[in-house]
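Here is how the chains run, residue by residue.
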Amino acid sequence: MPIPEDVTGEEIDKDVRQELQSLPKTLADDVAKNLVMVAKLIDEDPEAAYGYSRVALRLASRVAAVREAAGFAAYANQKYSEALAEFRAARRMTGNIDLWPVMADCERGLGRPEKALDMAGAPEVHKLDKAGQVEMRLVAAGARRDMGQLDAAIVTLQSPELASHSVQPWTARLRYAYADALLAAGREGEAREWFAKAVEADKDGSTDASDRLAEMDGVEFVDALDESEGEGDTGSGREEQKQGLGEERGGSAASAEGRPEDRDS
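Residues numbered from 1 in each chain as written. Predicted model: local features only at pLDDT ≥ 70, side-chain atom pairs only at ≥ 80, totals over all residues. Heavy atoms only, no water.

Caption draft 1: Inspection of a negative patch on the surface at higher detail. Taken together, the side chains of Asp-13, Asp-15, Glu-19, Glu-68, Asp-98 and Asp-129 define an acidic patch exposed on the protein surface. Structurally, Asp-15 can be placed in helix H1 (residues 14–20). (Patch = residues over 30% accessible without salt bridge, like charges linked within 9 Å, V, L, I, M, F, W, Y side chains within 5 Å. Areas by Shrake-Rupley, 256 points an atom, 1.4 Å probe, with all protein chains shown as cover. Salt bridge = Lys/Arg side-chain N within 4 Å of Asp/Glu carboxyl O. Lys, Arg positive; Asp, Glu negative; His and termini not counted. Charge placed at Lys NZ, Arg CZ, Asp CG, Glu CD. Helix = DSSP H or I, 4+ residues; strand = E, 2+ residues; numbered from the N terminus.)

As structure tokens, this is what we get:
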């Protein structure tokens, strides 16, 4: 697959670069460039990212960072069996426990929420850092929802991290997941409160909490242009808010619970 001229391979993390030192320099450079492309494209073009990950995998399948990148690319394309195999391979190579939550989430994607819950209760969870433990909690709550256990999902999310007033990288997603679970359980007032709290913490727009909050408040965004009003309207293309009856969504907050949308069973 083509590599843009401005991609040198030097953009990769220094730890990954160190792993690649076991390869001949030319090969290491080629692998590094493909890994850079995976990182660049995995959000905006997951299919292309997957293609670059397969190239890297063909070139250096014995490098743990390559197996991990291939796992995340497969995960982004909802290829959960393949992703799980790659994550397991990376973990065998390094002994690193950090992939445990996403491995559990792959079990959800494969239609095995019970297995994900087993993993959430495994001793490995205690070895995770705080971010990993929060991620595991999100996955476990999602598994409970997969099984129709809404009340259990809500209880799973209740934690010191949820109650904390400090904002951490996981705060917005945790609050969002909690709000969505409350809404699915018919607890609209509490759900609105927690969607608002998620908005406060979501400085980089990692969730659609503001849209969900607006929806609950009955706010819609519509095109304000009315062509029948003639030529004098200088506000062409402007959008304005219209109050109305917004539909309530009770579905799961897939990304907020560590689960991508529209998974294959």
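Caption draft 2: Geometry of the pattern of salt bridges. Per the counting criterion, the structure on display carries 17 salt bridges. For Arg-17, the salt bridge is made with Asp-29, and the minimal N-O distance between the two is 3.5 Å. Placement of the pair is Arg-17 in helix H1 and Asp-29 in helix H2 (residues 25–41), with a sequence separation of 12 residues. Residue classification places Arg-17 among the buried residues on the basis of a relative accessible area of 18%. Of the charged contacts, one joins Arg-145 and Asp-180 as a salt bridge, the two residues approaching to 2.8 Å between their closest N and O atoms. Separated by 35 residues along the polypeptide, Arg-145 in helix H8 (residues 130–146) and Asp-180 in helix H11 (residues 171–184) bring together distant segments of the chain. For Arg-145, a relative accessible area of 12% translates into the label buried. Residues joined by salt bridges that share partners form a network here, namely Glu-10, Arg-17, Lys-25 and Asp-29. (Buried < 20%, exposed > 50% of the residue type's maximum accessible area, 1.4 Å probe, protein only.)

Caption draft 3: Spotlight on unusual backbone geometry. At Gln-78, a residue that is not glycine, the phi angle is positive and equals roughly 60°. Note on placement: Gln-78 falls in the loop between helix H4 (64–76) and helix H5 (80–94).

Caption draft 4: Region of the structure containing H4. Across its 13 residues, H4 extends 18 Å between first and last C-alpha, which sits within 8% of the 18 Å expected from 1.5 Å per residue. Counting buried positions along H4 gives 10 out of 13 residues, so the element sits mostly inside the fold. Listing the buried residues of H4 in full gives Ala-64, Ala-65, Val-66, Arg-67, Ala-69, Ala-70, Gly-71, Ala-73, Ala-74 and Tyr-75. Contacts made by the buried residues of H4 are with H1, H2, helix H3 (46–59), H5 and helix H6 (100–109). (Expected span 1.5 Å × (residues − 1). Contact = heavy atoms within 4.5 Å.)

Caption draft 5: Representation of the environment of Val-167 in the model. Inspection of the secondary structure assignment puts Val-167 in the loop between helix H10 (160–163) and H11. Residue classification places Val-167 among the partly exposed residues on the basis of a relative accessible area of 47%. C-alpha separation for the pair Val-167 and Ala-201, spaced 34 residues apart in sequence, amounts to 6.1 Å.

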